[in-house]
Amino acid sequence: MKEIVIHSASDQEKDLAAHLLASSEPWITLQISEEQCKRNCHDPEYQLFIAYKNEKPAGIILLDPKGVAGSPYIKSIAAFPEFRGQGIGTKLLSFAEDLFRSESKHLFICVSSFNYRARNLYEKSGFHAVGELKDYIIKGASEILMHKGL
């Protein structure tokens, strides 16, 4: 089995990433359209990376280098359904940490209160909750801001 390879996404891969996000949780529950995901994935302020495993797209990570008070923010992270539970998310989180470690002491991510699996992954990766935004995107759910020191 080949290792996971991560590189900057092409325009075609950005469209693929937008489709993945829009067709996955939590974006479905949050009612974030594929068009909005596409705008985010193509936004020049953000950096989109795609992970390949065995030469197949396995996951994506969308980064905002100056997202929270000038510190890097992981805007979105997702694995393609057939690669979930195979360490893709962990690898992408480590990639983001390595990318920003030399220029920042902080890395942030938000997780929806109903997205228990993602929150567990982030906590296992060393992130901890630092704030809660109640009813931020949809009524009845919170967005939990998480932080990791680099």
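Scroll up a little and you will see the structure.
For clarity, every value in this text was computed on a predicted model and none was experimentally measured.

Draft legend 1. Examining the layout of surface pockets more closely. If you add up the space inside the largest pocket, you get close to 1000 Å³. Along its surface, the largest pocket is lined by 40 residues, and P26, W27, I77, N115 and Y122 are the ones closest to its centre. Of all the secondary structure elements, the ones that give two or more residues to the lining of the largest pocket are helix 2 (34-42), strand 4 (71-79), helix 3 (88-100), strand 5 (106-112), helix 4 (116-124) and strand 7 (142-149). Of the residues forming the lining of the largest pocket, the biggest block, seven residues, is contributed by strand 4. In terms of residue class, the lining of the largest pocket is built from 24 nonpolar, 11 polar and five charged.

Draft legend 2. The pattern of salt bridges, seen in detail. Inspection of every chain in the model, using the stated rule, returns four salt bridges. The partner of E97 in a salt bridge is R101, and the shortest N-O contact between them spans 3.6 Å. For R119, the salt bridge identified is with E123, shortest N-O distance 3.0 Å. Linking R119 with E123, this pair stays in helix 4, spanning four residues, or about one helical turn. What makes R119 partly exposed here is its relative accessible area of 28%. Connected through shared salt-bridge partners, E97, D98, R101 and K148 make up one network.

Draft legend 3. Quick look at the packing of aromatic side chains. One pass over the structure, following the stated rule, counts two aromatic pairs. Ring geometry for F49 against F95: centres 4.8 Å apart, planes inclined by 65°, an arrangement best described as edge-to-face. Placement of F49 in strand 2 (residues 47-53) and of F95 in helix 3 is noted, with a sequence separation of 46 residues between them. Here the aromatic rings of Y122 and F127 are separated by 6.3 Å at their centres, their planes lie at 65°, and the arrangement is edge-to-face. Accessibility assignment for this pair places Y122 and F127 in one class, buried.

Draft legend 4. Representation of the sheet that holds strand 4 in the model. Spatial ordering of the open sheet is given by 1-2-3-4-5-7-6, a layout of seven strands whose pairing is mixed. Across the chains shown, the open sheet's two edge strands, defined by having one partner strand only, are strand 1 (4-8) and strand 6 (128-134). Strand-to-strand twist of the sheet, defined as the mean angle between neighbouring strand axes without regard to direction, takes the value 25°. Along the sheet, helix 1 (residues 11-22) contacts strand 1, strand 2, strand 3 (56-68) and strand 4; its crossing angle with strand 2, the most-contacted strand, is approximately 85°. Along the sheet, helix 3 makes contact with strand 1, strand 2, strand 3, strand 4, strand 5 and strand 7, crossing strand 3 at roughly 40°.

Thresholds, definitions, all that
Residues numbered from 1 in each chain as written. Predicted model: local features only at pLDDT ≥ 70, side-chain atom pairs only at ≥ 80, totals over all residues. Heavy atoms only, no water. 1 Å grid on protein atoms, 1.4 Å probe; cavity = no way out; pocket = protein on both sides within 12 Å on 5 of 7 lines; lining within 4 Å. Points joined across faces, edges and corners; volume = space filled by probe spheres on them. Helix = DSSP H or I, 4+ residues; strand = E, 2+ residues; numbered from the N terminus. Nonpolar A, V, L, I, M, F, W, Y, C, P; charged D, E, K, R; others polar. Salt bridge = Lys/Arg side-chain N within 4 Å of Asp/Glu carboxyl O. Buried < 20%, exposed > 50% of the residue type's maximum accessible area, 1.4 Å probe, protein only. Phe/Tyr/Trp six-rings, centres within 6.5 Å; stacked < 30°, edge-to-face > 60°. Pairing = 2+ DSSP bridges. Axes fitted to C-alpha atoms, helices over the stretch in contact; angles between N-to-C directions. Contact = heavy atoms within 4.5 Å.

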